[in-house]
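Breakdown of the fold
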Amino acid sequence: MKVRKVTTHVLNEMKLHGEKISMLTAYDYSMAKILDNAGIDVILVGDSASNVMAGFDTTLPITLDAMIYHASSVVRGVKRALVVVDMPFGTYQGNSKMALQSAIRIMKETGAHAVKMEGGEEIEESVKRIISAGIPVMGHLGLTPQSIYKFGTYTVRAREKAEAEKLINDAHVLQNAGCFSIVLEKIPAKLAEEVTSQLRMPVIGIGAGNKVDGQVLVLHDMLGITQEFSPRFLRRYANLFDLITDAVRNYIDDVKSMDFPNENEQY
Ligand code: KIV
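Residues numbered from 1 in each chain as written. Predicted model: local features only at pLDDT ≥ 70, side-chain atom pairs only at ≥ 80, totals over all residues. Heavy atoms only, no water.

**Topic: the overall build of the chain**
Broken down by element type, the chain carries 11 helices and 8 strands. Here the chain has a C-alpha radius of gyration of 20 Å; the compact-globule value for 267 residues is 18 Å, and the two agree. For the chain, the spread of C-alpha atoms along the three principal axes comes to 65 × 40 × 40 Å. Considering the chain as a whole, with its 267 residues, one finds that 49% of them fall into the buried category. As presented, the chain carries roughly 14,100 Å² of accessible surface, and 54% of it is formed by carbon and sulfur atoms. Side chains of the chain give 29 positive and 32 negative charges; the mean places of these two sets differ by 6 Å. (Helix = DSSP H or I, 4+ residues; strand = E, 2+ residues; numbered from the N terminus. Rg over C-alpha atoms; globule rule 2.2 N^0.38 Å. Buried < 20%, exposed > 50% of the residue type's maximum accessible area, 1.4 Å probe, protein only. Areas by Shrake-Rupley, 256 points an atom, 1.4 Å probe, with all protein chains shown as cover. Lys, Arg positive; Asp, Glu negative; His and termini not counted. Charge placed at Lys NZ, Arg CZ, Asp CG, Glu CD.)

**A short note on the domain arrangement of the chain**
How large an interface is tends to be reported as the accessible area lost when its parts come together. Entries for the chain in the domain assignment read domain 1 (8-236) and domain 2 (239-267). Here domain 1 and domain 2 have C-alpha centroids that lie 38 Å from each other. (Domains from an automatic or database assignment.)

**A closer look at the layout of surface pockets**
A volume near 670 Å³ is recorded for the largest pocket. Lining the largest pocket are 30 residues; nearest its centre among them are Ser-48, Asn-51, Val-218, Asp-221 and Phe-229. Only helix H3 (49-52), strand E4 (114-118), strand E6 (181-185) and helix H10 (219-222) provide two or more residues apiece to the lining of the largest pocket. Partitioning the lining of the largest pocket into residue classes produces 13 nonpolar, 8 polar and 9 charged. There is about 440 Å³ of room inside the second largest pocket. In terms of lining, the second largest pocket is formed by 20 residues, of which the most central are Gly-119, Glu-122, Thr-144, Ser-147 and Lys-150. Broken down by secondary-structure element, the contributors of at least two residues to the lining of the second largest pocket are strand E5 (137-142), helix H7 (148-151) and helix H8 (161-177). Per element, the largest residue contribution to the lining of the second largest pocket is 4 residues, and it comes from H8. Its residues assigned to classes, the lining of the second largest pocket shows 6 nonpolar, 8 polar and 6 charged. (1 Å grid on protein atoms, 1.4 Å probe; cavity = no way out; pocket = protein on both sides within 12 Å on 5 of 7 lines; lining within 4 Å. Points joined across faces, edges and corners; volume = space filled by probe spheres on them. Nonpolar A, V, L, I, M, F, W, Y, C, P; charged D, E, K, R; others polar.)

**Observations regarding a nonpolar patch on the surface**
Taken together, the side chains of Leu-243, Ile-244, Val-248, Tyr-251, Ile-252, Val-255 and Phe-260 make up a nonpolar region of the molecular surface, amounting to roughly 640 Å² of accessible area. In this structure, Leu-243 sits in helix H11 (residues 240-256). (Patch = residues over 30% accessible without salt bridge, like charges linked within 9 Å, V, L, I, M, F, W, Y side chains within 5 Å. Salt bridge = Lys/Arg side-chain N within 4 Å of Asp/Glu carboxyl O.)

**Some thoughts on helix H1 (residues 8-17)**
The set of residues buried in H1 consists of Thr-8, Val-10, Leu-11, Met-14 and Lys-15. Down the axis of H1, the buried side of the element spans an arc of 155 degrees, and every buried residue falls inside it. Along H1, exposed side chains directed more than 90 degrees from the buried face belong to His-9, Leu-16 and His-17. In this structure, the buried side of H1 is in contact with strand E1 (21-25), strand E2 (42-45), strand E3 (82-86) and helix H9 (189-198). Within two residues after H1, Gly-18 carries a phi angle of roughly 75 degrees, on the positive side. (Arc of directions from axis to C-beta. Contact = heavy atoms within 4.5 Å.)

**Things to note about the packing of aromatic side chains**
A full pass over the atoms with the stated rule returns 1 aromatic pair. Stacked on the ring of Phe-151, the Lys or Arg Arg-157 has its end atom at 3.9 Å from the ring centre. (Phe/Tyr/Trp six-rings, centres within 6.5 Å; stacked < 30°, edge-to-face > 60°. Lys NZ or Arg CZ within 6 Å of the ring centre and 35° of its normal.)

**Notes on the side chain of Lys-186**
Mapped onto the elements of the fold, Lys-186 is located in the loop between E6 and H9. Separated by 2.7 Å, the side chain of Lys-186 and the backbone oxygen of Tyr-154 make a polar contact. Those residues in contact with Lys-186 that sit more than four places away from it in its chain are Leu-143, Tyr-154, Thr-155, Val-156, Arg-157, Ile-206, Gly-207 and Phe-233. (Polar contact = N/O pair within 3.5 Å; in protein donor to acceptor, adjacent residues only side chain to side chain.)

**Considerations on the site of the ligand**
Around the ligand, the neighbouring residues are Thr-25, Leu-44, Gly-46, Asp-47, Ser-48, Asp-86, Lys-116, His-140, Glu-185, Ile-206 and Val-218. Residue Asp-47 places a side-chain N or O atom 3.0 Å away from an oxygen atom belonging to the ligand. The separation between an oxygen atom of the ligand and a polar side-chain atom of Ser-48 is 2.5 Å. Relative to its unbound accessible surface of 260 Å², the ligand loses 95% to contact with the protein. Among the detected pockets, the ligand sits in the largest pocket. The residue makeup of the shell around the ligand, split by class, is 3 nonpolar, 4 polar and 4 charged. (Near = heavy atom within 4 Å. Sits in = over half its atoms within 2 Å of the grid points.)

**So, the pattern of salt bridges**
Enumeration according to the criterion identifies 12 salt bridges in this entry. Of the charged contacts in the structure, one is a salt bridge between Glu-124 and Lys-128, with a shortest N-O distance of 3.1 Å. Of the two residues, Glu-124 and Lys-128 are both situated in helix H6 (residues 124-132); the distance of 4 residues between them amounts to about one turn of the helix. Looking at Lys-128, the relative accessible area reads 42%, which means it is partly exposed. Across the salt bridge formed by Glu-193 and Lys-190, the nearest N and O atoms sit 3.4 Å from each other. Pair noted here: Glu-193 and Lys-190 are both in helix H9, with a separation of 3 residues, about one helical turn. Judged by relative accessible area, Glu-193 falls into the partly exposed class, the value being 29%.

Quick look at the structure:
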């Protein structure tokens, strides 16, 4: 059966028709295949891989090579969804030539469809240069985890007027630079609604209320694999931590008691 692939144009049409966009992260082939088969619109190979796959405290340490490894694994599992890859910290800020080289490596070596970058007018030149090479860019404003040491905390961003005004201006800068979409992370719902109504491009929220064009969550959080992370915006759709723990405990018991393998499970 021919699958209608999700493209940046399809996302635009979805915004125009008021159809919400579903987006989740994935970092490997098997999970990406499950998500794609379930009908997810966009898969983000997030630099949250640094936390949930590699066990770092922040997203800063993950390398371009590691992101490329995760993204190429994801792409092999996907037939329909749009695959967006986070450009990791240090591969695009402050140097548009390096930014383009990093984005080209991602596109060439993974087969993904777009990249995502954190920041507003500070990264405008890099965004424009990447888009001029034909690479679609998704922006990311609000709580931008690559700047955690500047913010100092993971609390809600843009509650104050000055930061809210900067965010609105940055969203327009990114749209004018040619971004096809932006993520708004952990900002007041009213502000996200205002930004969404002002922009032509689709706005994907995480902790930004439901008056945006779509939602994204980190897969390991929504599946209940991570336990320690419990922000208000997170809805857990499963408790895989307990499910996997029970399965592993049962396996251990069966091995110890020699219940596994039984006669039917041997040659
Ligand atoms: O890295 C990531 O998973 C993200 C999402 C939280 C939007 O950027």
